[in-house]
Amino acid sequence: MSKLTVMEIRSKKEPCRLADGGGLSFEITKSGIKRWLYRYRLDGKQQMFVLGRFPDMRLEQARKDHKRAKALVEQGINPAKAKRKEKDKNLAAEREERNKRSRSFENMAIEWIDTQKGKWSTSHANAVLQTLSKDTFPYIGKNPVEEIAPPDVLKILRRIEKRGSLEIARKVQQRMHAVFRYAVQTGKATYNPAADMQ
C-alpha cells in the first residue's frame, strides 16, 4: 500500500477516508471535518482513536502520534484512555499551578492593596505596591504565603538595612506583616511570619 502524500491530502475536498498504512487514515467527514484516525484491535474489539484534526495536525505529526499510539496498543493499553488520563493529569497540574499562584505572596499583596483602595489615596496605594515590588516580590513574590518562614522575612529586612534604608525596612516590615495578616484572615495561610520582626 502506497503512503499518503501532503499533496494528496490537500487536494481532497469531498468526504473520504484515505489509508496511510498500519491502521492510520485521513478522513474528511460529511460535515467537512478533516481528521486523522487510527483503527486498531484491542481486547478482541475493533476500535478507533482520533489522533487530531487537519491542518492543525500535519501528516508528519500524525505519523509520529500514530507510532506512539500503536506502541501503546502493542502493550495492551487503550490510546484513547491513555490520552484522556494524560489530559486529566495536565488539567490537574494546571489547576494546582493556578491555585499556587493565587496563594503567592505577590498575589496576596496585590489583593490586600485592592482591599485598602477605598481608605487610601491612589498615590499611597502605588507607593505601597512599588515598595513591595522592589524589595519583596523578587525574593518571595512567587512563593505560596504558607511556605514563607520568619528567616525569609528577616533576609529581606537585612538586605534593606544593608543599604542603610532603615525607614524603608520598617515600612516593608509593616506592609509584609499586613499582607500575611490578610492571608491568614482569608484562609490562605495559617500564621504570620512577619509578626515578630522589628
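How each quantity is defined
- Residues numbered from 1 in each chain as written.
- Predicted model: local features only at pLDDT ≥ 70, side-chain atom pairs only at ≥ 80, totals over all residues.
- Heavy atoms only, no water.
- Pairing = 2+ DSSP bridges.
- Helix = DSSP H or I, 4+ residues; strand = E, 2+ residues; numbered from the N terminus.
- Axes fitted to C-alpha atoms, helices over the stretch in contact; angles between N-to-C directions.
- Contact = heavy atoms within 4.5 Å.
- Parallel < 35°, antiparallel > 145°, perpendicular 65-115°, else oblique.
- Nonpolar A, V, L, I, M, F, W, Y, C, P; charged D, E, K, R; others polar.
- Left-handed = near helix turned anticlockwise from the far one by under 90°.
- Expected span 1.5 Å × (residues − 1).
- Buried < 20%, exposed > 50% of the residue type's maximum accessible area, 1.4 Å probe, protein only.
- Arc of directions from axis to C-beta.

Undergrad: Any details on the sheet that holds strand S4 (residues 45–53)? Residues and values, ideally.
TA: What the four strands build is an open sheet, ordered S1-S2-S3-S4; its pairing is antiparallel. Looking along the sheet, the strands with just one partner apiece sit at the ends: strand S1 (16–21) and S4. Put simply, the sheet's adjacent strands are angled 30° from each other on average, direction ignored. Alignment of strand S2 (residues 24–28) against strand S3 (residues 34–42), held across five bridges, turns out to be antiparallel. From the neighbouring strand, Ser-25 faces S3, where its bridge partner is Leu-37. In the packing of helix H2 (residues 59–74) onto the sheet, the strands contacted are S1, S2, S3 and S4, and the crossing angle to S3 comes to about 15°. Across the face of the sheet, helix H3 (residues 79–102) comes into contact with S3 and S4 while running at roughly 45° to S4.

Undergrad: Can you break down the environment of Pro-15 residue by residue, with the values?
TA: Within the secondary structure layout, Pro-15 lies in the loop between helix H1 (6–11) and S1. As a C-alpha pair, Pro-15 and Thr-29 span 14 residues in sequence and 5.1 Å in three-dimensional space. Excluding residues within four positions of it along the chain, Pro-15 makes contact with Ile-28, Thr-29 and Lys-30.

Undergrad: Please set out the packing of helix H4 (residues 105–116) against helix H5 (residues 122–135) residue by residue, giving values where relevant.
TA: Describing two packed helices takes the angle between their axes plus the distance from one axis to the other. It is the contact of H4 with H5, at a shortest axis distance of 10 Å, that shows an interaxial angle of 170°. Taken together, the axis directions place H4 and H5 in an arrangement best described as roughly antiparallel. The residues of H5 that touch H4, namely those facing Ala-109, Ile-110, Trp-112 and Ile-113, are Ala-125, Val-128, Leu-129 and Leu-132. Residues belonging to the contact of H4 with H5 are distributed by class as follows: eight nonpolar, no polar and no charged.

Undergrad: Explain the packing of helix H7 (residues 150–162) against helix H8 (residues 166–185) to me, using residue names and the numbers behind them.
TA: Where H7 meets H8, the axes come as close as 8 Å, and the angle between the chain directions of the two elements is 160°. The angle between the axes of H7 and H8 places the two elements in the roughly antiparallel class. Relative to H8, H7 is oriented so that their crossing is right-handed. Across the interface between the two elements, Val-153, Ile-156, Leu-157, Ile-160 and Glu-161 from H7 touch Leu-166, Ile-168, Ala-169, Val-172, Gln-173, Met-176 and Phe-180 from H8.

Undergrad: Please set out H7 residue by residue, giving values where relevant.
TA: Taking 1.5 Å per residue as the helical rise, H7 with its 13 residues ought to reach 18 Å, and the 18 Å between its terminal C-alpha atoms agrees with that figure. Of the residues making up H7, those classed as buried are Val-153, Ile-156, Leu-157 and Ile-160. Down the axis of H7, the smallest arc covering the buried residues is 90°, so these residues share one side. Turned more than 90 degrees away from the buried face of H7 sit Pro-151, Lys-155 and Lys-162, all of them exposed. Downstream of H7 by one or two residues, Gly-164 has phi in the positive range, about 85°.

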